[in-house]
Amino acid sequence: MNLFILIPLTILIYMTIMFLLALVLKDNSIVDIAWGVGFIISSLIAFFYEPFHTTRHIIVTVLILLWGLRLAIHIFFRNKGKSEDFRYKNWRKKWGKNWVLRSFIEVFLQQGIFMFIIVYPVIIINKSIETYLTPFDYIGIVIWLIGFIFETVGDVQLRNFITFPKNKGKIMDKGLWHYTRHPNYFGESLMWWGIFLLSLSVKDGIYCIFSPIVITVLLTKISGIPLLEKKYAGNPDFEAYKKRTSAFIPWFSKQ
């Protein structure tokens, strides 16, 4: 079976299983944990499907494993013991009697489609036969590492901040959060731009450009920043933070 059939089919089965589990648990938040794991599964299939492995194949697979595993573990412990995320709670109420079908289509199936689009460069790289690393590979690895640092450090800083009861109700604006309101989202986007750069070293890699574009648009315009910041809209401290701090790309504070 062709990888471009096998991986979408695997993602469909995987996300359907996650949807059924969410129904049992009555918690659609598990899709956030499933996100990173889905990329791990897709990348491992792409890697082991091909009998011939290059250094680039190994590098991109390891990078995806590091990112996906860290993200899944982080979200698991972040959500442990908590009720369903506010986003899914709101949709559950808004969708009413149609929430089961709409949850499957608009949460799980939709994320599965985006997963396949975003993981596309990993498939292309694993199907390639080019063996020598190029400057694009080295630059891509550096870009990926910078993104990984932003996402990891940003998550750790936020977790440490909310751990202290005295910070309840306050807005995190220290560390990386002083330069961007969403260092973790910026880091995730940057990592996929790094993966795209690795794909430029192989045939047809240029066509993978839609992968980092899609994840960046999702994070900045659709499911990331807009949904999260809507929760804090009207909060005086957040509004002040919003005025002085870059939304996405790190930059110096205006104050």
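Our structure's up above, just so we're on the same page.
Residues numbered from 1 in each chain as written. Predicted model: local features only at pLDDT ≥ 70, side-chain atom pairs only at ≥ 80, totals over all residues. Heavy atoms only, no water.

Undergrad: Whenever I open this one, the overall build of the chain confuses me. Can you help?
TA: On a plain count of helices and strands, the chain comes out with 10 helices and 0 strands. Taken over the C-alpha trace, the chain has a radius of gyration of 19 Å; the compact-globule value for 255 residues is 18 Å, and the two agree within 12%. Structurally, the chain occupies a C-alpha span of about 55 × 45 × 25 Å along its principal axes. Taken across its 255 residues, the chain has 46% of its residues classed as buried. Long-range pairs, those at least 24 residues apart, make up 78% of the contacts in the chain between residues at least 6 apart in sequence. Here the chain has roughly 13,600 Å² of accessible surface; of this, 70% comes from carbon and sulfur atoms. Within the chain, one finds 28 positive and 16 negative side-chain charges whose respective centroids are separated by 9 Å. (Helix = DSSP H or I, 4+ residues; strand = E, 2+ residues; numbered from the N terminus. Rg over C-alpha atoms; globule rule 2.2 N^0.38 Å. Buried < 20%, exposed > 50% of the residue type's maximum accessible area, 1.4 Å probe, protein only. Contact = heavy atoms within 4.5 Å. Areas by Shrake-Rupley, 256 points an atom, 1.4 Å probe, with all protein chains shown as cover. Lys, Arg positive; Asp, Glu negative; His and termini not counted. Charge placed at Lys NZ, Arg CZ, Asp CG, Glu CD.)

Undergrad: Would you mind showing me how to read the pattern of salt bridges here?
TA: Opposite charge on two side chains permits them to pair, given that their charged atoms come into close proximity. Under the definition given, this model contains 10 salt bridges. Among the salt bridges present, the one from Asp32 reaches Arg87, with a minimum N-O distance of 2.8 Å. Linking Asp32 in helix α2 (residues 30-49) with Arg87 in helix α4 (residues 86-95), this pair joins segments that are 55 residues apart in sequence. One exposure class covers both Asp32 and Arg87, and it is buried. The closest approach of N and O atoms between Arg56 and Asp137, which form a salt bridge, is 2.8 Å. Taken together, the residues Arg56 in helix α3 (residues 55-79) and Asp137 in helix α6 (residues 135-163) connect sequence positions 81 residues apart. Across the pair, exposure class does not vary: Arg56 and Asp137 are buried alike. Salt bridges linked by common partners bring Asp32, Asp85 and Arg87 together as one network. (Salt bridge = Lys/Arg side-chain N within 4 Å of Asp/Glu carboxyl O.)

Undergrad: Would you take a moment to explain unusual backbone geometry for this structure?
TA: Working note: non-glycine residues mostly have negative phi, and peptide bonds are mostly trans. The phi dihedral of Lys26 is positive, around 55°, even though this residue is not glycine. Structurally, the position occupied by Lys26 is in the loop between α1 (3-25) and α2. At Asp204, a position not held by glycine, the phi torsion is positive, near 65°.

Undergrad: Help me understand the side chain of Glu229 in this model?
TA: Within the fold, Glu229 resides in helix α9 (residues 225-232). For Glu229, a relative accessible area of 9% corresponds to the buried category.

Undergrad: Looking at this model, I keep getting lost on the nonpolar core. Mind explaining?
TA: One recurring pattern in soluble globular proteins is that nonpolar side chains are buried together. By size, the foremost hydrophobic cluster in this structure holds 48 residues, and its most contacted members are Trp35, Phe39, Trp67, Phe108, Ile118, Trp192 and Ile195. Looking at this core, the elements with two or more residues in it are α1, α2, α3, α4, α5 (99-127), α6, α7 (183-199) and α8 (210-222). Ignoring sequence-local partners within four residues, the contact set of Phe39 consists of Ile64, Trp67, Met115, Ile118, Val119 and Trp192. Ile171, Met172, Trp177 and Tyr241 belong to the second largest nonpolar core, which has 6 residues in total. (Core = buried A, V, L, I, M, F, W, Y, C linked by side-chain atoms within 4.5 Å.)

Undergrad: Just to check I follow, could you spell out α8 for this structure?
TA: Spacing of three or four residues puts side chains on the same side of an α-helix, whose turn is 3.6 residues. Every buried residue of α8 is accounted for by Ser211, Pro212, Val214, Ile215, Thr216, Leu218, Leu219 and Thr220. In this structure, the buried residues of α8 make contact with α2, α5, α7 and α9.

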